[in-house]
Amino acid sequence: ETDLVFGPYTTQLTVDISINNDNLLEFNETFSSLLFLQSLTPRVTVNPNTTQITIVDDERVVIGFHSVFVNVTEDGGNAVLTVVLNGTLRRQVIMSFTTTSDTALAP
């Protein structure tokens, strides 16, 4: 809670609210601010008395294959693919993987 004092001839005040830049991928976050009179003052009303603040998340996470091309010999057994994530997650992300046929048959 912060006191705002409008003195004589004052028509505008500002309030600074610190925002935590946490470097985590997350949904946008919202909170509200409320104005109210501490004491009854004749002919003074507060309107509007609330405002909603939305913190728009600016982090981005990129998930993809480490290499665009992978070579494997026929007797190599398996093709090993590496999937990398660049960024930081606060929650689980589930991805699907599939293969398609080109000149070889997809498993």
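Numbering of residues starts from 1 in every chain and runs along the sequence as written. The predicted nature of this model means local features are confined to residues of pLDDT at least 70 and side-chain atom pairs, given and counted, to a pLDDT of 80 or more, with totals for whole chains, interfaces and linings taken over all residues. Derived side-chain values reflect all non-hydrogen atoms in the structure, with water molecules and hydrogen atoms excluded from consideration.

A. Quick look at the overall build of the protein. Think of it this way: any DSSP run of H or I at least four residues long counts as a helix, any run of E at least two long counts as a strand, and we number them from the N terminus. Looking only at helices and strands, one finds zero helices and four strands in the protein. Tracing the protein from N to C terminus, the helices and strands come up as β-β-β-β. The reference for a compact globule is 2.2 Å times residues^0.38; the radius of gyration itself is calculated from the C-alpha atoms. Since a compact globule built from 107 residues should have a radius of gyration of about 13 Å, the 28 Å found for the protein marks it as more spread out than a globular shape. When its C-alpha atoms are laid out on the principal axes, the protein stretches across 90 × 20 × 20 Å.

B. Fine view of the packing of aromatic side chains. Two rings belonging to Phe, Tyr or Trp (six-membered ring only in the last case) form a pair when the distance between their centres is within 6.5 Å. Interplanar angles under 30 degrees mark stacking, angles over 60 mark edge-to-face geometry, and anything in between is tilted. Following the criterion strictly, the structure yields zero aromatic pairs and no others. Geometry around Phe27 places Arg91 over its ring, the cationic atom sitting 4.1 Å from the centre. Criterion for a charge above a ring: Arg CZ or Lys NZ at most 6 Å from the ring centre, at most 35 degrees from the ring normal.

C. Spatial organisation of the side chain of Glu26. Secondary-structure assignment places Glu26 in the segment before strand S1 (29-34). A contact between two residues is defined here by any heavy atoms of the two lying within 4.5 Å. Ignoring sequence-local partners within four residues, the contact set of Glu26 consists of Asp57, Arg90 and Arg91.

D. Region of the structure containing the environment of Gly77. Structurally, Gly77 can be placed in the loop between strand S3 (62-65) and strand S4 (83-86). Accessibility expressed as a relative area gives 64% for Gly77, which makes it exposed. Through-space distance from the C-alpha of Gly77 to that of Ile17 is 58 Å; in sequence the pair is 60 residues apart. Accessibility here uses a 1.4 Å probe with only protein chains present; expressed as a share of the type maximum, an area under 20% marks a residue as buried, one over 50% as exposed, and anything in between as partly exposed.

E. Up close: unusual backbone geometry. Residue Pro48 is reached from Asn47 by a cis peptide bond, and omega for that bond is 0 degrees. Here Pro48 lies in the loop between S1 and strand S2 (50-55). At Asn23, a residue that is not glycine, the phi angle is positive and equals roughly 60 degrees. Secondary-structure assignment places Asn23 in the segment before S1. A positive phi angle, close to 60 degrees, is found at Arg43, a residue other than glycine.

F. Region of the structure containing a nonpolar patch on the surface. Nonpolar side chains (Val, Leu, Ile, Met, Phe, Trp, Tyr) are joined into patches within 5 Å and like charges within 9 Å, using only residues with over 30% relative accessible area and no salt bridge. Here the Shrake-Rupley method, with its probe set to 1.4 Å, supplies the accessible areas, and only the displayed protein chains count as covering residues. Any Lys or Arg side-chain nitrogen located within 4 Å of an Asp or Glu carboxyl oxygen qualifies as a salt bridge. On the surface, a cluster of nonpolar side chains totalling about 800 Å² of accessible area is made up of Leu4, Phe6, Leu13, Val15, Ile17, Ile19, Leu35, Leu37, Val44 and Val46. For Val46, the location among the structural elements is in the loop between S1 and S2.

G. Quick look at the side chain of Asp57. With respect to the helices and strands, Asp57 occurs in the loop between S2 and S3. Definition of a polar contact: a pair of N or O atoms within 3.5 Å, with one able to donate and the other able to accept a hydrogen when the atoms are protein atoms, and with sequence-neighbouring residues admitted only if both atoms are side-chain atoms. A distance of 3.1 Å separates the side chain of Asp57 from the backbone nitrogen of Glu26, its partner in a polar contact. With residues near it in sequence (within four places) discarded, Asp57 still touches Leu24, Leu25, Glu26, Phe27 and Asn28.

H. Highlighting the environment of His66. Tracing the backbone shows His66 in the loop between S3 and S4. Considered as a pair, His66 and Phe27 are 39 residues apart in the sequence and their alpha carbons are 26 Å apart. Leaving out residues up to four positions away in the same chain, His66 has contacts with Thr82 and Val84.

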